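Below are the chains, spelled out letter by letter.
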Amino acid sequence: MKRFSFSNKSDKKKIPSPLLFPIYALIGLLLVIWLYRFHAASTQTDSSYISTQSTAKNQEAAFQSYLKKLFQAQITENTLNLHYTLADPSSADIREYPVTFGIVSSKQESSQLAALENMQNELKKYDSSRMSLSSQITYDILQDSISRSMELAPYYYYNELLSSTGGVQSEYPILLAEYSFRTKKDIDDYLTLLSQYDTLFQQVCAFEKEKAKQDLFMNQRAVDNLISQCQAFIPENSKDSFWEITFKERLDQIKSLSKKEKNDYIRQNQEMLQEHVYPAYHNLIAILKALRKEGKNEQGLCYFKNGKKYYELLVKTTTGSDRSISQLQKMTEEQRDKNLEEFTEITTNLTKNAYHQSSGLLPYQTPEEMLEHLKTQIQTSFPAAPSAHYTVKNVNEKLQEFLSPAFYLTAPMDQFTENCIYINPGNNYNEIELFTTLAHEGYPGHLYQTIYSYSKNLSPIRYLLYHGGYTEGWATYVEMLSYQYAGLDPLISRALMLNQDATLSLYATVDMSVHYDGWTLADTADFLGKYGITETSVISKIYQAVIENPANYLKYYIGYLEFLELKEQAKTYYANDYSELTFHTAVLNMGSAPFYILEKYFVKYYKAAN
């Protein structure tokens, strides 16, 4: 998952940045649309079936049939989603599918809401109390997703498809560059997607024009950042571009290709780039320049009409927390104050050099050694995950400017034994930063959580309903735990963890204060200055990143705090019967979900895991 680094003169500050969870770049925007389409295309078979049958067995069977249709309908809406979710679509009884990026367009608000209301009524025909525990939680999660989509439907154009730190224009090239070629069909599908690249961007441009009409367009600095980035995706010499280099590398994965077939594919790829991909970026640049002065709001969402209400809904959807913004602000501040007090106490008793010379103390020389050490260290506190192979790769040199310091590229659910973590050499990690980042991306973070979840055979639809607070909150939670696994002096590792926790809390506070309370850049500078962050350029970057990606930082930090809250509740409730292993097993077995749903089912899952 994607994170970013800023630094000031005194210390490097690692900041989480927008998600690179590959198949879900547009999920917040498209959720309403795919639910609408599924409802329009579905039949009444299951509903009429259950209306005359009442046994638990029939309820379960009918609901599972419904979920299967829902999964198949959604996963084929976007071929990138399909490819990154299923190595072999036939494993989910998908034999034929359109090759498409999907459609970025809006429906009339009344039509959206009517379709969602009908789906909600459709769900009511199932009696979840007669289903298995796994189906009950899936039912609640799906119902919650529909409810949140209904709430967000009127705010369709408050979404942003373009962002210099994680928009369509930068994430789609990465997903395409990592698009695995397992068969010739994969190559053909890939080339078909490239042929639609300009159409996709035309839809994005139309979306941005409508945002401008509704006075919701981005600020001028965001536009300038995007233009610079788009220009970088248009190579001066196309044969040296990552588009062509990575394509040729992936062709080599299919050993059965003849030399002639390879050359034909290389020629087709070049044609698609010249005729569709590069023109798409030129057109987007032109549209952005034309709209540049349309963005009137240089500050947070609360300065847009109804922006404050939208932010409240966005935070709930993003974090999975049902606490109010003021409660989240208080929760964040109290955690920071507590940690900084402990940090001061610890570092007062350490020499300055002991804390700042934590680098060079770890016995691990490679990322693989760090991951293997982590796998060993977590065995007593985390449930065993299925055996899986992983590869640690360096980010392609041509992509280093656009990619985060590290990320885990999710494995397909039907082939999760092969995994990949990417390290960006341009980030210049010190040892402890690399170690804790690998814990976040690998074990017991994203890679571990993903393969463990796949092994539990949850309903496939669960893997499409992304819950950022759970996913990034878990990875941040275990990243904090990983300091104690590093092998440093316990006081030093504790101090490093407290510093990282407090640092992340600052950005969470800035996010909420900018978008909900209306903080200006000056307000943000005053706040960060109290914590030693004073460099103007760094503060400006932080502020702009928050403006462009509202609530993004919260899925990391608020998700992390919600896991801590759930843990404290479990410790209080179970007292002497509490165990770390049982807690982690319970929350992992439930799978990703909003925290208010996890809390509802936690006791049942904890008992089952004990």
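Residues numbered from 1 in each chain as written. Predicted model: local features only at pLDDT ≥ 70, side-chain atom pairs only at ≥ 80, totals over all residues. Heavy atoms only, no water.

### Focus on the overall build of the protein chain
- Across its full length, the protein chain carries 25 helices and five strands.
- Within the protein chain, buried positions represent 60% of all 610 residues.
- Expressed as a percentage of contacts within the protein chain between residues at least 6 apart in sequence, the contacts between residues at least 24 apart total 79%.
- As displayed, the protein chain offers around 24,600 Å² of accessible surface, 48% of which is attributable to carbon and sulfur atoms. (Helix = DSSP H or I, 4+ residues; strand = E, 2+ residues; numbered from the N terminus. Buried < 20%, exposed > 50% of the residue type's maximum accessible area, 1.4 Å probe, protein only. Contact = heavy atoms within 4.5 Å. Areas by Shrake-Rupley, 256 points an atom, 1.4 Å probe, with all protein chains shown as cover.)

### Overview of helix H13 (residues 307–319)
- Between its first and last C-alpha, H13 extends 18 Å over 13 residues, near the 18 Å set by a 1.5 Å rise per residue.
- Of all the residues in H13, the buried ones are Gly307, Tyr310, Tyr311, Leu313, Leu314, Val315, Thr318 and Thr319.
- Here the buried face of H13 lies against helix H6 (133–152), helix H14 (325–348), helix H19 (468–482), helix H20 (490–516), helix H23 (552–574) and helix H25 (595–609).
- Trailing H13 by a residue or two, glycine 320 shows a phi angle of about 75°, which is positive. (Expected span 1.5 Å × (residues − 1).)

### Some thoughts on the packing of aromatic side chains
- Tallying each qualifying case throughout the model produces 47 aromatic pairs.
- Taking the centre distance of 5.6 Å and the plane angle of 10° together, the rings of phenylalanine 233 and tyrosine 281 count as stacked. One end of the pair, phenylalanine 233, is in the loop between helix H10 (220–232) and helix H11 (242–251); the other, tyrosine 281, is in helix H12 (residues 259–291), and 48 residues separate them in sequence. We note that phenylalanine 233, like tyrosine 281, is buried. (Phe/Tyr/Trp six-rings, centres within 6.5 Å; stacked < 30°, edge-to-face > 60°.)

### Focus: helix H24 (residues 580–590)
- Judged by how many residues are buried, H24 sits mostly within the fold: nine of eleven residues are covered.
- Every buried residue belonging to H24 is among Thr582, Phe583, His584, Thr585, Ala586, Val587, Leu588, Asn589 and Met590, and all of these are buried.

### Notes on a negative patch on the surface
- On the surface, Glu333, Glu334, Asp337, Glu341 and Glu345 cluster together into a patch of negative charge.
- In this structure, glutamate 334 sits in helix H14. (Patch = residues over 30% accessible without salt bridge, like charges linked within 9 Å, V, L, I, M, F, W, Y side chains within 5 Å. Salt bridge = Lys/Arg side-chain N within 4 Å of Asp/Glu carboxyl O. Lys, Arg positive; Asp, Glu negative; His and termini not counted. Charge placed at Lys NZ, Arg CZ, Asp CG, Glu CD.)

### Focus: unusual backbone geometry
- Residue tyrosine 443 is joined to proline 444 through a cis peptide bond whose omega torsion reads 0°.
- Examined against the element boundaries, proline 444 turns out to sit in the loop between helix H17 (431–441) and helix H18 (446–455).
- Despite not being glycine, asparagine 457 shows a phi value in the positive range, around 55°.
- Relative to the helices and strands, asparagine 457 resides in the loop between H18 and H19.
- A residue is classified by how much of its surface remains accessible, and asparagine 457, at 68% relative accessible area, is exposed.

### Thoughts on the environment of lysine 308
- Take lysine 308: it is sitting in helix H13.
- Given a relative accessible area of 40%, lysine 308 falls into the partly exposed group.
- Distance in space between the C-alpha atoms of lysine 308 and histidine 515 is 7.3 Å, their sequence separation being 207 residues.

### Digging into the sheet that holds strand E4 (residues 406–409)
- The three strands lie next to each other as E3-E5-E4, forming an open sheet whose pairing is mixed. Taken across any chain shown, the strands that pair with only one partner, and hence form the sheet edges, are strand E3 (389–394) and E4. Averaged over neighbouring strand pairs, the angle between their axes works out to 20° when direction is ignored.
- Across four bridges, E4 lies against strand E5 (residues 418–423) in antiparallel orientation. Bridging from a neighbouring strand, alanine 406 pairs with isoleucine 423 of E5. (Pairing = 2+ DSSP bridges. Axes fitted to C-alpha atoms, helices over the stretch in contact; angles between N-to-C directions.)

### Regarding the side chain of asparagine 78
- With respect to the helices, strands and loops of the structure, asparagine 78 is situated in the loop between helix H3 (56–75) and helix H4 (79–85).
- When residues no more than four places from it in sequence are discounted, the contact partners of asparagine 78 are Thr100, Phe101, Gly102 and Tyr172.

### Considering the packing of helix H16 (residues 367–377) against H17
- Where H16 meets H17, the axes come as close as 10 Å, and the angle between the chain directions of the two elements is 55°. Taken together, H16 and H17 sit at an angle that is classed as oblique. Here H16 and H17 pass one another in a crossing that is right-handed. Contact residues: H16 offers Pro367, Met370, Leu371, His373 and Leu374, while H17 offers Glu431, Leu434, Phe435, Leu438 and Ala439.
- Of the residues belonging to the contact of H16 with H17, the class tally is eight nonpolar, one polar and one charged. (Parallel < 35°, antiparallel > 145°, perpendicular 65-115°, else oblique. Left-handed = near helix turned anticlockwise from the far one by under 90°. Nonpolar A, V, L, I, M, F, W, Y, C, P; charged D, E, K, R; others polar.)

### Some details on the environment of asparagine 394
- In this structure, asparagine 394 sits in strand E3.
- Excluding its chain neighbours within four sequence positions, the residues that come into contact with asparagine 394 are Tyr422, Ile423 and Pro425.

### Looking at the pattern of salt bridges
- Following the criterion strictly, the structure yields 19 salt bridges and no others.
- Across the pair lysine 184 and glutamate 261 runs a salt bridge, and its minimum N-O distance is 2.6 Å. Here the residue lysine 184 occupies a position in helix H8 (residues 184–195), and glutamate 261 occupies one in helix H12, the gap between them amounting to 77 residues.
- Between arginine 267 and glutamate 271 there is a salt bridge, with the nearest N and O atoms lying 3.1 Å from each other.

### Section: the layout of surface pockets
- Approximately 670 Å³ is the volume found for the second largest pocket.
- If you trace the second largest pocket, you find 27 residues lining it, with Glu178, Ser180, Lys393, Cys420 and Tyr422 closest to the centre.
- Counting only elements with at least two residues in the lining of the second largest pocket, the list comes to H4, H11, E3 and E5.
- Among the residues forming the lining of the second largest pocket, the class breakdown is ten nonpolar, eleven polar and six charged. (1 Å grid on protein atoms, 1.4 Å probe; cavity = no way out; pocket = protein on both sides within 12 Å on 5 of 7 lines; lining within 4 Å. Points joined across faces, edges and corners; volume = space filled by probe spheres on them.)

### Brief notes about the packing of H17 against H19
- Relative to each other, H17 and H19 sit at 145°, their axes nearing to 8 Å. Considering the relative orientation of H17 and H19, their crossing is right-handed. Along its contact with H17, which presents Phe435, Thr436, Ala439 and His440, the element H19 presents Glu472, Ala475, Thr476, Val478, Glu479 and Ser482.
- Tallied by class, the residues present in the contact of H17 with H19 amount to four nonpolar, four polar and two charged.

### Details of the state of the cysteines
- Within this structure, the stated rule accounts for zero disulfides.
- Considering cysteine sulfurs only, cysteine 230 is the nearest to cysteine 205, which forms no disulfide, with 9.0 Å between them.
- Assessed through its relative accessible area of 3%, cysteine 205 is described here as buried. (Disulfide = S-S within 2.5 Å.)

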